[in-house]
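# Summary of structural features
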Amino acid sequence: MEKEEELNNLRLQIERDNPSPELKEQATQLVFGDGSIDADILFIGEAPGKKEDISGTPFVGRAGKFLNEMLEKINLSREDVYITNIVKYRPLNNRDPLNNEKQAFLPYLIKQINIIKPRLIITLGRHSMNCFLPEHRISEAHGKLTNTLYKYEDKEYEYNILPLFHPAAAIYNQSLKGSLVEDFLTIPKILSELTTK
Ligand code: URA
């Protein structure tokens, strides 16, 4: 099956399974993902906000604009990467996703990753990082590449994870913003080292 078909099936499966009926009921629509399905880099955020809920596309609000600006700094555009969230429906009032909500969507995120097969997974914020690296703290782990064997349903998957601060958090905090931009600028080197391995 082609990747596109597999992703379409996955989207339909989420709609059918309805892993979080409370979130779905309050949301406008499923926000599945955006960008190139053949991308080397997959960004994973937390959950859609208001603008994402209305448009059906992840990271189109203020945090998304900042993400686009940082992509430009490393000569990439949204069409070169793939962007998604752990939780695919907007939690009301932009509250943090709850543990049970993250757990409910995790199996679909793992499938989405395994269809796209990115070389590098960039987690945005601690929620996304902790899905893969539960013991890590973002204050120490940000900007450091970790190769991890992720166990899921009796299988192991090798993922290269680069945790970054969440762009929304960085907008309001100048020192986080500086660290985020600095970490972001290292992406091309990290990616080229992974590619030549
Ligand atoms: N924040 C996220 O984590 N995801 C979005 O899609 C938008 C804002």
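This paragraph deals with the site of the ligand. Taken together, Gly45, Glu46, Ala47, Pro48, Glu52, Pro58, Phe59, Asn85 and His166 make up the full set of residues near the ligand. Interatomic distance of 2.8 Å between a backbone N/O atom of Glu46 and an oxygen atom of the ligand. Here Asn85 contributes a side-chain N or O atom positioned 2.8 Å from a nitrogen atom of the ligand. In isolation the ligand exposes 240 Å². Once the protein is present, 90% of that is buried. Of the residues contributing to the shell around the ligand, the split by class is four nonpolar, three polar and two charged.

Our next topic: the side chain of Arg90. Looking at the secondary structure, you find Arg90 in the loop between strand E3 (82–85) and helix H5 (99–116). Buried charged residue Arg90 carries no salt bridge. Nearest counter-charge: Asp53, at 5.0 Å. Side-chain polar atoms of Arg90 contact the side chain of Asn94, separated by 3.1 Å.

With 15 residues, helix H1 (residues 3–17) extends 21 Å from end C-alpha to end C-alpha; this agrees with the ideal 21 Å at 1.5 Å per step. For H1, every residue scored as buried is listed here: Leu7, Leu10, Gln13 and Ile14. In an axial view of H1, the angular spread of the buried residues amounts to 115°, which keeps them on one side of the axis. What points out from H1, more than 90 degrees from its buried face, is the exposed set Glu4 and Arg16. Where the residues of H1 are buried, they touch H5. Where H1 ends, the next residue or the one after it, Asn18, has phi of about 50°, a positive value.

For the rest of this paragraph, the subject is the nonpolar core. In this structure, Phe43, Ile122, Phe132, Phe184 and Ile187 are the most contacted members of the largest nonpolar core, which totals 60 residues. Considering each element in turn, this core owes the most residues, eight residues, to H5.

Take the side chain of His127 next. Looking at the secondary structure, you find His127 in helix H6 (residues 126–132). Look past the residues within four positions of His127 in its chain and what remains in contact with it is Glu46, Ile86, Asp96, Pro97 and Lys102.

On the secondary structure map, Lys111 appears in helix H5. With near-sequence residues (within four places) excluded, Lys111 lies in contact with Leu10 and Gln13.

Before going further, it helps to examine the sheet that holds strand E4 (residues 120–124). Spatial strand order, E1-E3-E2-E4-E6-E5: six strands in an open sheet with mixed pairing. Since the sheet does not close on itself, it has two edges, and those belong to strand E1 (34–35) and strand E5 (146–152), each with one partner. Looking at chain direction, strand E2 (residues 41–45) and E4 are connected through four bridges and run parallel. If you follow Phe43 over to E4, its bridge partner there is Ile122. On the sheet, helix H10 (residues 187–196) packs against E2, E4 and strand E6 (155–164) and is oriented at approximately 150° with respect to E4.

What counts, and at which threshold
- Each chain carries its own residue numbering, running from 1 in the direction its sequence is written.
- Thresholds applied to this predicted model are a pLDDT of at least 70 for local features of residues and 80 or more for the giving and counting of side-chain atom pairs; totals over whole chains, interfaces and linings are not thresholded and use all residues.
- The basis for every side-chain value is the complete set of non-hydrogen atoms in the structure, without hydrogens or water.
- Being near a molecule or strand, for a residue, means having at least one of its heavy atoms within 4 Å of it.
- In the analysis that follows, any N or O atom pair within 3.5 Å is treated as a polar contact, provided that within protein one partner can donate a hydrogen and the other can accept it, and provided that, for residues neighboring in sequence, both atoms belong to side chains.
- Working definition of accessibility: Shrake-Rupley area with a 1.4 Å probe, residue cover restricted to the visible protein chains.
- Polar here means any residue outside two lists: the nonpolar Ala, Val, Leu, Ile, Met, Phe, Trp, Tyr, Cys and Pro, and the charged Asp, Glu, Lys and Arg; Gly therefore counts as polar.
- Helix and strand assignments follow DSSP, with helices taken as H or I runs no shorter than four residues and strands as E runs no shorter than two, numbered in order from the N terminus.
- Note on classification: 1.4 Å probe, protein chains only; a residue is buried when its accessible area is under 20% of the maximum for its type, exposed when over 50%, partly exposed between these limits.
- In this count, Lys and Arg are taken as positive residues and Asp and Glu as negative ones, while His and the chain termini are left out.
- Any carboxyl oxygen of Asp or Glu within 4 Å of a side-chain nitrogen of Lys or Arg constitutes a salt bridge here.
- For a helix, the expected span equals 1.5 Å multiplied by the residue count minus one.
- Within this analysis, the arc is defined by the directions that extend from the helix axis to the C-beta atoms.
- Residue contacts are defined here by distance: any two heavy atoms, one from each residue, within 4.5 Å place the two residues in contact.
- Here, nonpolar core refers to any group of buried Ala, Val, Leu, Ile, Met, Phe, Trp, Tyr and Cys residues whose side-chain atoms link them within 4.5 Å.
- Should DSSP find at least two bridges between two strands, the strands are regarded as paired.
- Note on geometry: axes are lines fitted to C-alpha atoms, helical ones only across the stretch in contact, with angles between N-to-C directions running from 0 to 180 degrees.

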